[in-house]
Every structure is written in structure tokens, then in C-alpha cells.
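Structure at a glance
Read off the chains here:
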Amino acid sequence: MPATVRVAAVAEIAKGTAIAVEVEGVPLAVVHTDDDEFHAVHDECSHATIPLSEGEVDGCTLECWLHGSRFDLRTGEPSGLPATEPVAVFPVEVRDGDIYVDLNPSNGVTL
């Protein structure tokens, strides 16, 4: 499996939104924050099997739409209940208008 893969074009993700992509069987939520940064996290809430990509982006957090847990996009740590476990965070690089994700989690969370 390649470590770093192209997941989308920058133009495909509006600021303040997330999209769902699957790479090598790994579901990812790729987020474009209002400060023009890109982040990638495992696209499943650690509390329930809910896609985080369907949640709200607020600053550098992504909120699960079902129960309201928020996850820090930099660390994967939840900032409120009911989630208590972090989600995997993946390194992101933007090159020539494309978004690349390293499929090795940067925060030590295993899938």
C-alpha cells in the first residue's frame, strides 16, 4: 500500500466543509478549515459508527452530527462527551493544487 496518496483537488472542498473519501479501504474525512488548512481524520466517530465527514466543521474541530462529540483535527482528541477515545489523524500535504494524505496515523491511534 502506498504511504502517501492523492485524495482530492483543493478546489473540490469548500472552506468550512469536509468530504468523505476511501483510500485502500480506509475511510477518511478530509476537512478544509476556514483558515485555509487541510486535515484528514478517520471518518468514524470513536463513540458510534457515524461518519464524521457528515458533521459540522467549527474552527479546528469536527463535530459528530449524531451525539455532538467534537474532535480536534490536529490531535484527534475528543473535546466533549460522549466520545472519550481519539480518532486517527493523518498527515496532509498540498502540492500543485492537490491534497495528499499519508495513510500512517500521526497520533498513534491504530485502525
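All chains use their own residue numbering, which begins from 1 and follows the written sequence. Local features in this predicted model are restricted to residues whose pLDDT is 70 or higher, and side-chain atom pairs enter the listing and the counts only when it is 80 or higher, whereas totals over whole chains, interfaces and linings include all residues. Think of the side-chain values as coming from all heavy atoms in the structure, minus any hydrogens and water.

1. Focus on the overall build of the protein
Think of it this way: any DSSP run of H or I at least four residues long counts as a helix, any run of E at least two long counts as a strand, and we number them from the N terminus. When helices and strands are counted, the protein shows 0 helices and 10 strands. Mapped from its N terminus to its C terminus, the protein presents α and β elements in the order β-β-β-β-β-β-β-β-β-β. Taken over C-alpha atoms, the radius of gyration is set against a globule rule of 2.2 Å times the number of residues to the power 0.38. In terms of overall dimensions, the protein is globule-like: its C-alpha atoms have a radius of gyration of 13 Å, near the 13 Å expected for 111 residues. Dimensions of the protein, computed from C-alpha atoms along their principal axes, come out at roughly 40 × 30 × 20 Å. The burial tally for the protein puts 44% of its 111 residues in the buried class. Contact between two residues is taken to exist if any of their heavy atoms lie within 4.5 Å; hydrogens are not considered. Considering only intrachain contacts with a sequence separation of at least 6, the fraction spanning at least 24 residues in the protein is 36%. Here, Shrake-Rupley sampling with a 1.4 Å probe gives the accessible areas, and only protein chains in the shown set may cover a residue. For the protein, the accessible area works out to roughly 5,600 Å², and carbon and sulfur atoms hold 46% of it. Three exposure classes are used, based on accessible area relative to the maximum for each residue type with a 1.4 Å probe and protein chains only: buried under 20%, partly exposed in between, and exposed over 50%.

2. Points about the sheet that holds strand β3 (residues 26-32)
A sheet is described by the order of its strands in space; here 4 strands give the open sequence β2-β3-β4-β8, paired in antiparallel fashion. Only two strands of the sheet have a single neighbouring strand rather than two, namely β2 (17-23) and β8 (89-90). Strands are labelled as partners when DSSP assigns at least two bridges between them. Relative to β8, strand β4 (residues 38-42) runs antiparallel, the two being bridged by 2 bridges. Bridging from a neighbouring strand, Ala40 pairs with Phe90 of β8.

3. A few points about the packing of aromatic side chains
Any Phe, Tyr or Trp ring, taking Trp's six-membered ring, that has another such ring centre within 6.5 Å forms a pair; planes under 30 degrees apart are called stacked, those over 60 apart edge-to-face, and the others tilted. According to the stated counting rule, one finds 0 aromatic pairs in the structure shown. In this analysis the charged atom, NZ for Lys or CZ for Arg, is taken to sit over a ring once it is within 6 Å of the ring centre and within 35 degrees of the ring normal. Just above the ring of Tyr100 sits the side chain of Arg95; from NZ or CZ to the centre is 3.7 Å.

4. Considering the pattern of salt bridges
Any carboxyl oxygen of Asp or Glu that lies within 4 Å of a side-chain nitrogen of Lys or Arg is treated as forming a salt bridge with it. Counted under the stated rule, the structure contains 6 salt bridges. Residues Arg6 and Asp98 are paired through a salt bridge, measuring 3.2 Å at the closest nitrogen-oxygen approach. Residue Arg6 is found in strand β1 (residues 4-9), and its partner Asp98 is found in strand β10 (residues 98-102); the two are separated by 92 residues along the sequence. Taking the shortest distance from any N to any O, the salt bridge between Arg95 and Glu93 comes out at 3.5 Å. In the salt-bridge network here, residues are joined through shared partners; they are Arg6, Glu12 and Asp98.

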